[in-house]
Amino acid sequence: MENKIPFYNIVNMLLTGFVFSGCCIFIYYSIIINLLTTNVIPEISIVTESIITIGILSITYEIGYIINRIGSIIIEPILIKTKTISFNNNYKKFNDCSKEYPILGTLSREYALSRTSLTLFVITAILALLQKQWVLALVFLLITLLFSFSCRKHAKKILAIVEACTMFQ
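Residues numbered from 1 in each chain as written. Predicted model: local features only at pLDDT ≥ 70, side-chain atom pairs only at ≥ 80, totals over all residues. Heavy atoms only, no water.

1. Structural notes on the overall build of the protein
Selection rule: Working definition: helices are DSSP H or I runs of at least four residues, strands are E runs of at least two. Numbering for both runs from the N terminus. Just to be clear, the radius of gyration here is over C-alpha atoms, and the globule rule we use is 2.2 Å times residues to the power 0.38. Buried, partly exposed and exposed residues are distinguished by accessible area as a fraction of the type maximum, computed with a 1.4 Å probe on protein chains only: under 20%, between the cut-offs, and over 50%, respectively. The contact criterion used throughout is that any non-hydrogen atoms of two residues lie within 4.5 Å.
Within the protein, the regular secondary structure consists of 6 helices and 0 strands. The secondary structure elements of the protein, listed N-terminal to C-terminal, are α-α-α-α-α-α. At 20 Å, the protein has a C-alpha radius of gyration far larger than the 15 Å of a compact globule built from 169 residues. In terms of its C-alpha atoms, the protein occupies a principal-axis envelope of roughly 70 × 45 × 20 Å. Looking at the protein as a whole, 30% of its 169 residues are labelled buried. At a minimum sequence separation of 6, the contacts of the protein that also span at least 24 residues come to 83%.

2. Focus: the environment of Glu 76
Structurally, Glu 76 can be placed in helix 3 (residues 46-81). A sequence separation of 11 residues divides Glu 76 from Phe 87, and the C-alpha atoms of the two residues are 9.9 Å apart. Look past the residues within four positions of Glu 76 in its chain and what remains in contact with it is Gly 71, Ile 85, Phe 87, Tyr 111 and Arg 115.

3. A few points about the packing of helix 5 (residues 103-130) against helix 6 (residues 134-167)
In plain terms, the rule: Axis geometry follows a simple rule: fit a line to the C-alpha atoms, using only the stretch in contact for helices, then measure angles between N-to-C directions, giving values from 0 to 180 degrees. An angle counts as roughly parallel when it lies under 35 degrees, as roughly antiparallel when it exceeds 145, as roughly perpendicular when it falls between 65 and 115, and as oblique in every other case. Should the near helix be turned anticlockwise from the far one by less than a right angle, the crossing is left-handed, and should it be turned clockwise, the crossing is right-handed. Side-chain classes are defined by residue name, with Ala, Val, Leu, Ile, Met, Phe, Trp, Tyr, Cys and Pro counting as nonpolar, Asp, Glu, Lys and Arg as charged, and the others, Gly among them, as polar.
Where helix 5 meets helix 6, the axes come as close as 8 Å, and the angle between the chain directions of the two elements is 160°. Between helix 5 and helix 6, the angle is such that the two are roughly antiparallel. Taken as a pair, helix 5 and helix 6 cross one another with a handedness that is left-handed. Here the residues of the contact of helix 5 with helix 6 are counted per class, giving 22 nonpolar, 8 polar and 3 charged.

4. A few points about the nonpolar core
This is how the line gets drawn: Residues belong to a common nonpolar core when they are buried Ala, Val, Leu, Ile, Met, Phe, Trp, Tyr or Cys residues joined through side-chain atoms within 4.5 Å.
Grouped together as the largest cluster of nonpolar side chains are 14 residues, with contacts concentrated most on Ile 85, Phe 94, Cys 97, Leu 104, Tyr 111, Ile 158 and Val 162. The set of elements that each furnish at least two residues to this core consists of helix 3, helix 4 (91-100), helix 5 and helix 6. Residue contributions to this core peak at 5 residues, all from helix 6. Setting aside its immediate chain neighbours within four residues, Ile 85 contacts Glu 76, Leu 79, Ile 80, Tyr 111, Cys 151, Arg 152 and Ala 155. Grouped together as the second largest cluster of nonpolar side chains are 13 residues, Cys 24, Leu 120, Phe 121 and Ala 137 included.

5. Some words on a nonpolar patch on the surface
For clarity, the threshold we go by: In this scheme, patches are assembled from residues that exceed 30% relative accessible area and form no salt bridge. Like charges are connected within 9 Å, while nonpolar side chains (Val, Leu, Ile, Met, Phe, Trp, Tyr) are connected within 5 Å. Areas reported as accessible are Shrake-Rupley estimates using a 1.4 Å probe. Residue values count occlusion only from the protein chains shown. Here, a salt bridge means any Lys or Arg side-chain nitrogen found within 4 Å of an Asp or Glu carboxyl oxygen.
A grouping of Phe 18, Ile 44, Ile 52, Ile 56 and Leu 57 is seen on the molecular surface, where their side chains present a nonpolar patch of about 420 Å² in accessible area. Per element, the largest residue contribution to the nonpolar patch is 3 residues, and it comes from helix 3. Turning to its location among the elements, Ile 52 is positioned in helix 3.

6. Topic: helix 1 (residues 7-27)
Just so we agree on the cut-off: A helix is expected to reach a length of 1.5 Å times the quantity of its residues less one. Directions drawn from the helix axis to the C-beta atoms are what define this arc.
Taking 1.5 Å of rise per residue, the 21 residues of helix 1 would be expected to cover 30 Å, and the 30 Å separating its terminal C-alpha atoms lies within 8% of that figure. Listed as buried for helix 1 are Asn 12, Met 13, Thr 16, Gly 17, Phe 20, Cys 23, Cys 24 and Ile 27. Relative to the axis of helix 1, the buried residues are bounded by an arc of 125° and lie together on one face. Turned more than 90 degrees away from the buried face of helix 1 sit Phe 7, Leu 15 and Phe 26, all of them exposed. Close packing links the buried residues of helix 1 with helix 2 (29-37), helix 3, helix 5 and helix 6.

7. What about the state of the cysteines?
Just so we agree on the cut-off: Cysteine sulfur atoms are paired as a disulfide whenever they fall within 2.5 Å.
Tallied over the full model, the rule gives 1 disulfide. With its sulfur 2.4 Å from that of its partner, Cys 97 forms a disulfide with Cys 165. Where Cys 97 bonds to Cys 165 through sulfur, the torsion about that S-S bond is close to -100°, and the disulfide is left-handed. Of this pair, Cys 97 sits in helix 4 while Cys 165 is found in helix 6, placing the two residues 68 residues apart along the sequence.

Set out below in structure tokens:
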């Protein structure tokens, strides 16, 4: 049995990891500048550079994957409990309707991407608050709000299609 990671997942996790890393550079700017200006980092050969690049890509993917799972396990239940999104967890209905309405697959991916981005910016907002980066924290919180509206919109569309689909069956 061959098990492949879909291209969408690779890109989604890598981009999420890269955005998180970039946000951390802004949050911990002075620490990073101090590290880069010291002579702690030796000269790097091509082989070492390749190993570092592969390591960074792997770590970035894992960061994105962890953020995605936090969104699924922690953030989504909070969104459901606070009634920010309404969801019917009947995956059988969803799968049955997906055969008739292929757009559900796209909406589901868009919802998951919005949830992952929401989680990403919740985490970066918390990190910025801990570092007393008030303006940056506010920006991250506003982006979080944007993605919460996006999650809500996609969840409503998915629920509406599934409900309409099951009414006609």
